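So the chains spell out like this:
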Amino acid sequence: MEPIIAGNWKMNMDPAESRTLVQDLMKSVGDIKGRIVILIPPFTSLASVCELTRNTRFKLGAQNMHWERSGAYTGEISGLFLKSLGCEYVVLGHSERRHIMGESDETVNKKLKVALEIGLIPIFCVGETEQERESGATEQVIRRQISEGLKGIENEAHKIVFAYEPVWAIGTGKTATPEQAVAAHKFIRNLLKKPSTILYGGSVKPDNIDTLMKEDEIQGVLVGGASLKADSFARIIKFIQ
Ligand code: PEP
């Protein structure tokens with residue numbers, strides 16, 4: 001399985017900025033054989049990024065979706081719309097959605113179900129806060145997020161890409177040590193019936209990517225801040241195995 005390098009641009013990059021970033025990234029990266037690179041712009045930049053990445057090895061993902069296919073849900077986005085814009089992946093359960101937007105395990109579960117039904121590959125994020133880690137609740141939190149998130153779709157977990165993203169490491173510059181990440185990945189793997197891909201996310205940068213990717217347990221990374229600059233994201237994509 002090829003390692004996955006996914007860049008979550010969060011609420012950054014309007015369509016024009018997205019175009020420039022993709023063009024610069026393509027120049028910096030050159031040939032990206034042996035890796036799956038997923039660009040995850042905001043909804044409003046999906047069309048621009050799709051246009052530039054068509055027939056290239058870059059894949060497209062979205063940052064969220066609604067759990068219904070259509071209807072009276074003002075301001076929401078259907079997974080079907082994402083598919084029609086060329087998305088193959090969708091991030092679900094990101095900690096910023098859980099902790100800032102109040103997303104629950106239950107809504108993440110509904111979204112995971114629909115994503116699988118319509119043929120989007122979910123990138124399902126789980127991870128503990130600093131307080132939860134300090135109080136020794138890391139495994140309990142991850143177990144809850146996974147069992148609630150996968151309710152009714154346990155047998156389809158192998159179709160999902162998991163991302164272990166400790167909340168204390170997201171956008172903070174504090175990266176989990178390879179040992180901490182490996183321990184969490186092993187814990188997640190043991191909760192799942194069939195082998196699944198598990199990514200690490202949390203302050204991944206050019207200067208820690210090689211060390212993280214040396215671990216067999218880490219099958220790729222979900223990158224936030226460092227995916228917003230072509231040179232740093234290109235260096236991450238070209239990590240040394
Ligand atoms: C993320 O948002 O998923 C993330 C990992 O962010 P950062 O790389 O900035 O910590």
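Residues numbered from 1 in each chain as written. Predicted model: local features only at pLDDT ≥ 70, side-chain atom pairs only at ≥ 80, totals over all residues. Heavy atoms only, no water.

S.K.: Which parts of the structure should I look at to understand the overall build of the chain?
M.R.: Helix and strand counts for the chain stand at ten helices and eight strands. Relative to its length of 241 residues, the chain is compact, with a C-alpha radius of gyration of 17 Å against a globular reference of 18 Å. Each principal axis of the C-alpha distribution contributes one length, and for the chain these read about 45 × 45 × 30 Å. For the chain, the residues scored as buried account for 54% of the 241 residues in total. Put simply, the chain shows about 11,100 Å² of open surface, and 51% of that area lies on carbon and sulfur atoms. Charge centroids of the chain, computed over 30 positive and 30 negative side chains, lie 4 Å from each other. (Helix = DSSP H or I, 4+ residues; strand = E, 2+ residues; numbered from the N terminus. Rg over C-alpha atoms; globule rule 2.2 N^0.38 Å. Buried < 20%, exposed > 50% of the residue type's maximum accessible area, 1.4 Å probe, protein only. Areas by Shrake-Rupley, 256 points an atom, 1.4 Å probe, with all protein chains shown as cover. Lys, Arg positive; Asp, Glu negative; His and termini not counted. Charge placed at Lys NZ, Arg CZ, Asp CG, Glu CD.)

S.K.: Is there a simple way to explain the site of the ligand in this structure?
M.R.: Around the ligand there are 14 residues in total, and K10, E165, G171, S203 and G224 lie nearest to it. Measuring from an oxygen atom of the ligand, one finds a backbone N or O atom of G171 at 2.6 Å. Interatomic distance of 2.8 Å between a backbone N/O atom of S203 and an oxygen atom of the ligand. About the coverage of the ligand: the protein hides 97% of its 290 Å² of free accessible area. (Near = heavy atom within 4 Å. Polar contact = N/O pair within 3.5 Å; in protein donor to acceptor, adjacent residues only side chain to side chain.)

S.K.: Can you help me understand the packing of helix 1 (residues 15–29) against helix 2 (residues 46–53) in this one?
M.R.: When two helices pack together, their arrangement is given by the angle between the helix axes and the distance between those axes. It is at 8 Å that the axes of helix 1 and helix 2 come closest, and there the two elements cross at 25°. Between helix 1 and helix 2, the angle is such that the two are roughly parallel. The two elements helix 1 and helix 2 meet at a crossing, and its hand is right-handed. Contact with helix 1, carried on its side by P15, S18, R19, V22, Q23 and M26, involves S48, V49, L52 and T53 of helix 2 and no other residues of that element. Grouping the constituent residues of the contact of helix 1 with helix 2 by class yields five nonpolar, four polar and one charged. (Axes fitted to C-alpha atoms, helices over the stretch in contact; angles between N-to-C directions. Parallel < 35°, antiparallel > 145°, perpendicular 65-115°, else oblique. Left-handed = near helix turned anticlockwise from the far one by under 90°. Contact = heavy atoms within 4.5 Å. Nonpolar A, V, L, I, M, F, W, Y, C, P; charged D, E, K, R; others polar.)

S.K.: Looking at this structure, I do not really get the packing of aromatic side chains. What am I missing?
M.R.: Two numbers describe a pair of aromatic rings. These are the distance of the centres and the angle of the planes. Per the counting criterion, the structure on display carries two aromatic pairs. Relative to F162, the ring of F124 lies with its centre 5.7 Å away and its plane at 45°, an arrangement referred to as tilted. Of the two residues, F124 is situated in strand 5 (residues 121–126) and F162 in strand 6 (residues 161–164); the sequence distance between them amounts to 38 residues. The burial state of F124 is the same as that of F162; both residues are buried. On the numbers, 6.4 Å between centres and 55° between planes, the contact of Y164 with Y200 is tilted. Of this pair, Y164 sits in strand 6 while Y200 is found in strand 7 (residues 197–201), placing the two residues 36 residues apart along the sequence. Relative accessible area serves as the criterion here: at 0%, Y164 is assigned to the buried category. With a relative accessible area of 0%, Y200 lands in the buried category. Over the ring of F239 we find R35, and its NZ or CZ is 3.9 Å from the ring centre. (Phe/Tyr/Trp six-rings, centres within 6.5 Å; stacked < 30°, edge-to-face > 60°. Lys NZ or Arg CZ within 6 Å of the ring centre and 35° of its normal.)

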